[in-house]
Amino acid sequence: MEILDRLNLHTNEDLYRKAFTHTSYSNEHDVESYERLEFLGDAVLELTISDYLYNEKHLEEGTMTKMRASYVCEEACATYSRELGFEKEILLGSGESEANTTILADVFESFIGAMYIDQGFSYTSKFVMNIIIKYIEKKVDFLHDYKSELQELVQTVRKSVSYEIVDEKGPAHHKTFVCQVLVDNIVMGTGSGSSKKAAEQAAAKIALEKQVK
């Protein structure tokens, strides 16, 4: 795997391959998906960020909680995945054309879970912070309210905004929702997320990127 060459990780290629195996691929090829690794990686990620904020920032509990939520949310994890080029390695089934934001986020967490098993917590936490610390220092807000920003923008030109869930994918415990945002009944963005709210935020972000007026 090219990503393992870049990161010099060759101790357990099968484990890391599992971290990139989406459920659509695992169902078609009778192999295990990344879901269990994702569960583990999510916990490692939260502990790593919590440890950093507690020991390095000396902030109040409420502030640390909000910051941690921002840097471990779906949008944040998908951003880290893109930075590492994970989208090139993900194994998808025939029903999935490309890795959306939810899948990219899941894969980052599952990769962290695999690394934790393979290399231990100390190595993994250093790897995580090498990626995330620059976003913390730049005060990037991954929980930005794109829906409110879009609403404010279109109100200035007296246009209406509505959201419509157009698709649901995956098993009941791990769904991906697809949402369209319409401005004056014209589709201006389509986004996906692990919840309806996340999908709406993703759609609003895309609409804003098109500079709706």
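Refer to the structure presented above.
Attention here is on the structure that accompanies the text. None of these values were measured; they are calculated from a predicted model.

## Re the sheet that holds strand S1 (residues 161-169)
Piece 1. The strand order across the open sheet formed by three strands is S1-S2-S3, and the pairing between neighbours is antiparallel. Whereas interior strands pair on both sides, the edge strands pair on one side only; in this sheet they are S1 and strand S3 (186-193). Neighbour-to-neighbour, the strand axes of this sheet turn through a mean angle of 25 degrees, independent of strand direction.
Piece 2. Bridge analysis of S1 against strand S2 (residues 176-183) gives eight bridges, and the strand direction is antiparallel. The residue of S2 that forms the bridge with glutamate 168 is phenylalanine 177.
Piece 3. Against the sheet, helix H9 (residues 146-155) makes contact with S1 and S2, and its axis sits at roughly 145 degrees relative to S1, the strand it touches most.

## Looking at the packing of aromatic side chains
Piece 1. Within this structure, the stated rule accounts for ten aromatic pairs.
Piece 2. Measuring from ring centre to ring centre gives 6.0 Å for tyrosine 71 and phenylalanine 142, while their planes differ by 85 degrees; the resulting arrangement is edge-to-face. One end of the pair, tyrosine 71, is in helix H5 (residues 61-72); the other, phenylalanine 142, is in the loop between helix H8 (121-137) and H9, and 71 residues separate them in sequence. One exposure class covers both tyrosine 71 and phenylalanine 142, and it is buried.
Piece 3. An angle of 55 degrees between the planes, with centres 5.6 Å apart, marks the rings of tyrosine 135 and phenylalanine 142 as tilted.
Piece 4. Its relative accessible area of 15% is what places tyrosine 135 among the buried residues.
Piece 5. Residue class for phenylalanine 142 comes out buried when judged on its relative accessible area of 9%.
Piece 6. An aromatic cluster of at least three residues, connected via ring pairs, comprises Tyr16, Phe20, Phe86, Phe111 and Phe127.
Piece 7. Here lysine 147 stacks its cationic end above the ring of tyrosine 163, 4.7 Å away from the centre of that ring.

## Some remarks on unusual backbone geometry
Piece 1. Located in the positive-phi region is asparagine 8, a residue other than glycine, with phi close to 55 degrees.
Piece 2. Residue position: asparagine 8 is located in the loop between helix H1 (2-7) and helix H2 (13-19).
Piece 3. Asparagine 8 sits in the exposed class, given a relative accessible area of 62%.
Piece 4. Phi is positive for aspartate 30, close to 55 degrees, though the residue is something other than glycine.
Piece 5. Here aspartate 30 lies in the loop between helix H3 (23-29) and helix H4 (35-57).

Cut-offs and rules
Residues numbered from 1 in each chain as written. Predicted model: local features only at pLDDT ≥ 70, side-chain atom pairs only at ≥ 80, totals over all residues. Heavy atoms only, no water. Pairing = 2+ DSSP bridges. Helix = DSSP H or I, 4+ residues; strand = E, 2+ residues; numbered from the N terminus. Axes fitted to C-alpha atoms, helices over the stretch in contact; angles between N-to-C directions. Contact = heavy atoms within 4.5 Å. Phe/Tyr/Trp six-rings, centres within 6.5 Å; stacked < 30°, edge-to-face > 60°. Buried < 20%, exposed > 50% of the residue type's maximum accessible area, 1.4 Å probe, protein only. Lys NZ or Arg CZ within 6 Å of the ring centre and 35° of its normal.

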